[in-house]
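Structural features, examined
Chain by chain, the residues run as shown.
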Amino acid sequence: MPVDVERVRAVARAFVDAGRVVPALSIEDGRARSWWWPLPSARDRELIGSLCDATAIDDQRAVAAALSVATDEETRARLVAGNVALVAPRRGRPSAVHAWLRALAAPDPWLPESVGADDARRLAAATHEWVRSGAVETGRWRLCLRVHEPVSLAPTSSLSIAPTSSGAASDRLGPSRRDEVVRSPHEVGESWLVELLAQDGDDPSLVVPIGDVWSGAVAVGDGLEPLLGALARATRLAPELTPMWADGMPIAVALAHDEFLTFARERIATLVEAGVTVLLPSWWTHRRRLGLRARTTTRAKQPAAITGGGVGMDQLVSFQWDAALGDTRLTAAELRALHAAAAAKQELVRVRGEWVELDPASVANIVRHAGTRGTATLAALMRSGLGLDGVDAPDGADVMGVDATGWIGDLLADATHASVAPLATPDDFDGTLRAYQERGAGWLVFLGRLGLGACLADDMGLGKTAQLIATLLADPGDGPTLVVCPVSVLGNWQREIERFAPTLRVFAHHGPQRHRGHRAKFATRARRHDVVLTTYSMVARDAQHLGEVVWSRLVLDEAQQVKNAGTAQARAVRTLRAERRVALTGTPVENRLSELWSIMHVLNPGLLGTATSFRERFAIPIEREGDDEATELLRRITSPFVLRRVKSDRSIITDLPDKIETTERCPLTKEQATLYQAIVDDLLEQANASEGMAHRGLVLAGLTRLKQVCNHPAHFLGDDSALAGRSGKLARVEELLEEIVAAGDKVLCFTQFAEWGERLRPYLSRRFGVDALWLHGGVPRKRRDAIVDTFQSGEGAAVFLVSLKAGGTGLNLTAASHVIHLDRWWNPAVEDQATDRAYRIGQRHNVQVHKLVSVGTVEERIDEMITRKRALAEKVVGAGEGWITELSTADLRDVIALRDGGDEG
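Reference entry: report on the structure contained in this document. For every chain, the first residue of the written sequence is number 1, and numbering continues from 1 onward in sequence order. The predicted nature of this model means local features are confined to residues of pLDDT at least 70 and side-chain atom pairs, given and counted, to a pLDDT of 80 or more, with totals for whole chains, interfaces and linings taken over all residues. Side-chain calculation: all heavy atoms of the structure are included, whereas hydrogens and water are not.

Overview of the environment of glycine 728
Think of it this way: any DSSP run of H or I at least four residues long counts as a helix, any run of E at least two long counts as a strand, and we number them from the N terminus. Tracing the sequence through the fold places glycine 728 in helix α28 (residues 728-742). For each residue, the accessible area found with a 1.4 Å probe, counting protein chains only, is set against the maximum for its type, and the residue is called buried under 20%, exposed over 50%, and partly exposed in between. Overall, glycine 728 belongs to the buried group, its relative accessible area being 9%. The spacing of glycine 728 and arginine 665 is 63 residues in sequence and 9.3 Å in space, taken between C-alpha atoms.

Describing the packing of helix α10 (residues 332-343) against helix α11 (residues 360-369)
When two helices pack together, you describe them by how their axes are tilted relative to each other and by the distance separating the axes. Put simply, α10 and α11 touch, their axes get as near as 9 Å, and they point 150° apart. Relative to α11, the element α10 lies roughly antiparallel. As for the relative orientation of α10 and α11, their crossing is left-handed in sense. The segment α10 lies against α11, with Leu335, Leu338, His339 and Ala342 engaging Pro360, Val363, Ala364, Ile366 and Val367. What counts as an axis is a line fitted to C-alpha atoms, over the stretch in contact for a helix, and the angles between N-to-C directions run from 0 to 180 degrees. These descriptions rest on fixed angle ranges, namely under 35 degrees for roughly parallel, over 145 for roughly antiparallel, 65 to 115 for roughly perpendicular, and the rest for oblique. Should the near helix be turned counterclockwise from the far one by less than a right angle, the crossing is left-handed, whereas a clockwise turn marks it as right-handed. Only heavy atoms matter for contacts: two residues are in contact if any of them lie within 4.5 Å across the pair.

Details of the pattern of salt bridges
Put simply, a salt bridge is a Lys or Arg side-chain nitrogen that is within 4 Å of an Asp or Glu carboxyl oxygen. A full pass over the atoms with the stated rule returns 35 salt bridges. One salt bridge connects aspartate 403 with arginine 293, and the closest N-O pair in it is separated by 2.9 Å. Pair noted here: aspartate 403 is in strand β15 (residues 399-404) and arginine 293 is in strand β9 (residues 290-296), with a separation of 110 residues, a long-range link. Taking the relative accessible area as the measure of exposure, aspartate 403 reaches 22% and is therefore partly exposed. Notably, a salt bridge pairs arginine 553 with aspartate 475, separated by 3.0 Å at the nearest N-O pair. Here arginine 553, found in strand β20 (residues 551-557), pairs with aspartate 475, found in the loop between α16 (464-474) and β17 (481-485); they are 78 residues apart in sequence, far enough to count as distant.

Quick word on the sheet that holds β17
Strands qualify as paired when DSSP identifies two bridges or more between them. Read from one edge to the other, the open sheet built from seven strands follows the order β18-β19-β17-β20-β21-β16-β22, with strand pairing classed as parallel. Of all strands in the sheet, those bounded by a partner on one side alone are β18 (506-508) and β22 (642-643). Pairing analysis gives five bridges linking β17 to strand β19 (residues 531-535), with the strands arranged parallel. Residue pairing in the sheet places leucine 482 in a bridge with valine 532 of β19.

Here's the deal with the environment of methionine 244
Inspection of the secondary structure puts methionine 244 in the loop between α8 (224-237) and β7 (252-255). Between the C-alpha atom of methionine 244 and that of leucine 196, which follows or precedes it by 48 residues, the distance is 9.8 Å.

What about unusual backbone geometry?
One non-glycine residue, glutamate 558, lies in the positive phi region at around 50°. Within the element layout of this structure, glutamate 558 appears in the loop between β20 and α21 (568-575). Assessed through its relative accessible area of 10%, glutamate 558 is described here as buried.

Points about the nonpolar core
The criterion is simple. A nonpolar core is a set of buried Ala, Val, Leu, Ile, Met, Phe, Trp, Tyr and Cys residues joined through side-chain atoms within 4.5 Å. Ranked by internal contacts, the top residues of the largest apolar core, which has 105 residues, are Leu290, Leu358, Trp493, Trp551 and Leu556. At seven residues, helix α22 (residues 593-603) tops the list of elements feeding residues into this core. Among all residues touching leucine 556, those that are not within four sequence positions of it are Val484, Tyr536, Val562, Val573, Val582, Ala583, Leu584 and Val602.

Thoughts on the pairing of strand β21 (residues 578-584)
For β21, the buried fraction is high: six of the seven residues fall into the buried class. Bridge analysis of strand β16 (residues 454-456) against β21 gives three bridges, and the strand direction is parallel. Bridge pairing in β21 links cysteine 455 to alanine 583. Alignment of β20 against β21, held across six bridges, turns out to be parallel. Bridging from a neighbouring strand, tryptophan 551 pairs with alanine 578 of β21. When the strands point away from the viewer and the connection leading from the first strand across the helix to the second strand turns clockwise, the crossover is called right-handed. Between the parallel pair β20 and β21, the chain is carried across by α21, and the sense of this crossover is right-handed.

A short note on the side chain of threonine 328
Among the secondary structure elements, threonine 328 is positioned in strand β11 (residues 328-329). If we skip the residues at most four places from it in the chain, threonine 328 touches Arg288, Ala323 and Arg352.

Looking at the sheet that holds strand β23 (residues 659-666)
Read across the sheet, six strands follow the order β23-β28-β27-β24-β26-β25 without closing on themselves; strand pairing throughout is parallel. A strand with exactly one partner marks an edge of an open sheet, and here the two such strands are β23 and β25 (773-775). Neighbour-to-neighbour, the strand axes of the sheet open up by a mean angle of 20°, direction not taken into account. Relative to strand β26 (residues 799-803), strand β24 (residues 747-751) runs parallel, the two being bridged by five bridges. From the neighbouring strand, phenylalanine 750 faces β26, where its bridge partner is valine 802.

Section: the pairing of strand β27 (residues 818-821)
Side chains His818 and Ile820 project from β27 onto one buried face, and the interleaved Val819 and His821 project onto a second face that is buried too. Across four bridges, the pairing between β24 and β27 is parallel. Of the residues in β27, the one forming a bridge with cysteine 749 is isoleucine 820. Summarising the sheet, β27 and strand β28 (residues 847-854) pair through four bridges and their orientation is parallel.

Some thoughts on the packing of aromatic side chains
For Phe, Tyr and Trp, where Trp contributes only its six-membered ring, two rings pair if their centres lie within 6.5 Å, and the inter-plane angle classes them as stacked under 30 degrees, edge-to-face over 60, or tilted in between. This structure, assessed with the given rule, holds six aromatic pairs. A centroid spacing of 3.8 Å and a plane angle of 5° characterise the contact between tryptophan 192 and phenylalanine 260, whose relative ring orientation is stacked. Of this pair, tryptophan 192 sits in strand β5 (residues 190-200) while phenylalanine 260 sits in helix α9 (residues 257-273); the two residues are 68 residues apart in sequence, bridging distant segments of the chain. By the burial criterion, tryptophan 192 is buried, and phenylalanine 260 matches it. Seen in terms of ring centroids, phenylalanine 429 and phenylalanine 500 are 5.0 Å apart; in terms of plane orientation they differ by 10°. Their pairing is stacked. Placement of the pair is phenylalanine 429 in the loop between α14 (416-419) and α15 (435-449) and phenylalanine 500 in helix α17 (residues 490-500), with a sequence separation of 71 residues. One exposure class covers both phenylalanine 429 and phenylalanine 500, and it is buried. A cation over an aromatic ring shows up here: arginine 525 above the ring of phenylalanine 507, its NZ or CZ 4.0 Å from the ring centre. Cation placement over rings: the criterion is NZ of Lys or CZ of Arg within 6 Å of the ring centroid and within 35° of the ring normal.

Right, here's the structure in full:
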C-alpha cells in the first residue's frame with residue numbers, strides 16, 4: 001500500500017515535539033551521513049503500526065524508511081531555523097566526531113569527504129552501539145527503584161554503607177540505620193529515600209535489595225554486569241541519583257524535597273522507558289489536589305415539595321465555594337497554614353497525613369475565593385459533581401467537585417431510584433400496576449416534577465406504556481401531553497389509553513386531514529385535549545404547528561428514532577417546548593454510544609456535554625479501548641436519569657413464561673453453494689480494485705446478495721421460479737411450521753427483505769392451507785391495525801410474516817408462542833425487539849425463538865458478532881455495524897468464505 005506521507009510527517013513531528021529523537025551516523029555508498037532517528041518506545045507500537053499493514057513486510061520497511069527521513073528533516077529544520085550549533089567551529093581538518101556534530105545541525109546531512117572512511121565507520125559503529133545501550137536487555141534481573149516516604153535525618157556529612165554479607169534489607173534500611181545512606185549534599189530535615197532493588201524479570205513480584213546482590217546473598221549469574229550498566233544509565237537519565245556512586249556498591253540515596261519533585265515529575269517516565277521499574281508509594285499516583293468545591297443546599301427532598309413547572313437542567317442554582325483537598329473540605333486554620341507555607345516557597349507540605357504539592361499562585365487564588373458565592377445551572381453542577389467539566393471556578397482554579405444536600409444530593413449520590421416512593425395505582429387507572437411498574441411511575445413523577453428528563457428503558461414488554469399512562473393521571477401538569485411515536489404504533493397508543501385511562505381526551509395529529517386551520521387553531525384544539533398523538537415524520541413536517549404549544553410533557557416512544565442527532569426529526573424534536581420530557585425505549589444504545597448522547601441531549605441538554613467532548617471522553621475510550629473507568633463514569637452520570645429493568649430478572653416479574661432461543665443451522669443446497677461461491681469470487685476480485693466509499697458500497701451490496709442466496713436462490717435471482725426443494729433454510733422453516741400449525745400454535749416469521757416476504761406468503765398459504773398474514777412498510781395504518789387484530793383473535797391466522805423494519809417495534813403480538821428469524825440482522829437489539837413482540841406481558845405460553853443460520857456462510861460470522869455485541873450492550877456500549885465495510889480484502893475473505901459443511905451435496 002502507498003505510504004501516507006502526511007500521516008508519517010505528523011508522527012515524526014510528535015516524536016520531535018516530545019524530544020524522542022536520537023543522533024546517529026550511517027555509511028552509504030562509502031560516505032558518512034548524519035541522521036536524527038526517531039526513538040519509539042513500546043507504547044508507540046500501535047501508533048506506528050497504524051501507518052502500515054502489519055502483515056506486509058515491504059509496507060513496514062517503506063514506512064520505517066519514510067519515518068526516519070521525516071524525523072531527520074523535521075529535527076534538522078528546527079535546528080537550522082533556530083541557528084543552533086551543537087559544537088563550535090574549528091579550524092583545520094575536523095575530527096570525525098566534530099564533523100558529525102556539525103552536520104547534525106546543518107541543512108546538508110553529509111560529513112565532508114575529508115573525514116577518513118575508517119574513522120567514519122568506527123564512529124558509526126560506536127554511535128549505533130551507544131543508541132542501543134539506552135534500552136539493552138539486562139537478562140533475567142533488572143533494576144528497580146522503590147521510593148519511600150520522607151524520614152527525619154539530622155544534618156550530617158554524606159555517609160555510605162558498605163555491603164554486608166548478611167542481614168535483611170529492612171535491617172539495613174530500618175529506622176535505626178536510616179543515617180547510613182548516601183544523602184544529597186543539601187541540608188535536609190526530611191528526605192525521600194530511593195532504595196535500589198533487583199527485580200526478577202520472569203516474576204516481577206519478586207524484588208530483592210540490591211545489597212544482597214552485591215554481597216552474593218542473591219545469585220544473579222551473569223546479570224551483575226547488566227545491573228551495573230542499568231545503574232549507570234539510570235544516573236545519566238536522572239542526575240539526582242548521582243550521589244549514590246559515592247560508594248562503589250550503592251544501596252540507596254536520599255533526596256531533598258526539590259530533588260524528589262524533579263525526579264518524580266521529569267525522570268520517572270524516561271527511566272521506565274529505559275527498562276527501569278520505579279515503585280512509588282501507592283498514594284502518590286492518586287494524590288489529591290488543592291482546589292475549590294461548590295457547596296449547595298436544597299431543602300426539597302420529596303416531589304410534593306416541588307412547585308411550579310420544576311427546576312429543569314437549565315435552572316440556576318446558588319452555591320458557595322469551599323477550599324478543598326480533593327473531596328475533603330479544608331478548615332479555615334488549614335487554609336491559613338497552607339497560605340503561609342506557599343508564601344515561604346515550600347513546594348511540598350503534609351496535609352491531613354498526605355503530601356501535597358503547592359503552587360503559590362494557586363493557593364492564593366483559593367484563599368481569595370473560599371467563602372464567596374456563585375450560581376450555575378443544574379446541568380453544570382451535575383457535570384462537576386460527576387468529575388466532568390461543568391462549573392467554571394474563579395480565576396481558573398481547579399474544581400474538586402460538588403457537595404450537595406436535598407434532591408440534588410440524591411441525584412449526585414446516584415440514590416434517586418432508591419429514594420423515590422412508588423406511585424400507587426391511580427384511582428382512574430383502569431387496571432393494576434405491578435410493583436416494579438409502581439416504582440417506575442413514581443420515578444417518572446419524581447423527575448417530572450423537578451423538570452428533569454427521564455429515560456424509561458425497561459425491557460420490551462414490561463409495560464412502559466402503562467407506566468407512562470399512570471404518570472399522566474397522577475401528574476397531569478398544566479397542559480396537554482405530546483406523544484411522538486412511529487406510525488406503526490399510533491393505533492396501539494390510542495387503544496392503550498382507551499383501555500387504561502378512558503377519561504383522558506385524546507386526538508391524533510396524523511394523516512392528510514390533520515390540518516384544520518392555521519397554527520393558532522391547532523394550539524387551541526390541542527389544549528382542549530389531555531394527550532396529542534403524532535409521529536416522528538409529522539414532527540419534522542409540522543414543527544411550526546407543534547411549536548405553538550408549551551407541552552406539559554413531551555413523550556418520545558421508541559426513542560431510538562432520534563438516536564441520530566443530525567436527522568430532521570431529531571432536530572425538530574429538540575425545538576419543542578415542554579416542562580417534562582420522557583423517552584421510552586428498550587434499547588437506549590443499539591450500536592453506538594452517540595445514540596445515548598442524542599437521546600440524553602433531548603432529555604437533559606448539556607448533561608453529557610457537546611457531541612465532540614462526549615466522543616473524546618466516552619465513545620472512543622469505551623468503544624475502541626474497552627475503558628472500564630470511562631464506562632463506570634458514564635453509568636454514574638446517566639443512572640439517575642435512566643431506569644432499566646429486564647424480563648429475565650425474577651425480582652421484577654415472576655409470572656412471565658420462559659423464552660427458549662435456538663440457533664437452527666441449515667445446510668446450503670448444491671445450487672445455493674454454487675451461487676454463493678460465485679458471488680464470493682466476484683466480490684473479492686472487485687474489492688481488490690476498489691477503495692473508499694466505492695469499497696464500502698461494494699461490500700454492503702455483496703453481503704446483501706450473499707444473505708439473499710442463503711434465504712433462497714429465487715430470492716437472489718428475483719425470478720418467479722419454484723421455491724420447493726431448493727433451499728436448506730426454507731426446508732427447515734417448513735419442518736418447523738408443520739409442527740407449529742399441527743399443534744394449533746401461532747408463529748411470527750421476521751425477515752429484513754420485503755421481496756422475500758412477498759414470495760413466501762402465497763407459498764406458505766398453499767403449503768399449509770392457511771391464510772398467512774403479511775405486514776410490511778407499505779401497509780396503511782388502518783389495514784395494519786386490522787391485520788394485528790386478526791392475528792390476536794382466537795381464530796386468527798396461524799402464520800404471520802413480518803418485515804423487520806415495519807413490525808420490529810411497538811406491536812403487541814402475544815398470540816404467537818413461536819418466533820422465527822428467517823435471516824439475521826447485524827444488530828442484536830433489533831432482533832430482540834422483534835422477538836419481544838411476542839415475549840411480553842400478556843404472554844401465557846413459553847416462547848420458542850428459532851434463529852436460522854446457513855452453515856459455513858457469512859451468517860455464521862454475523863451470529864458470532866451478534867453474540868459479542870450483546871455482551872457489549874450489557875456494559876452500555878455498542879461497536880456499531882459500520883466495521884463490516886472497513887474490512888481489508890483479506891479480512892473480507894475470512895468473513896464471507898464458504899466453509900466446509902456449507903452445502904448438503
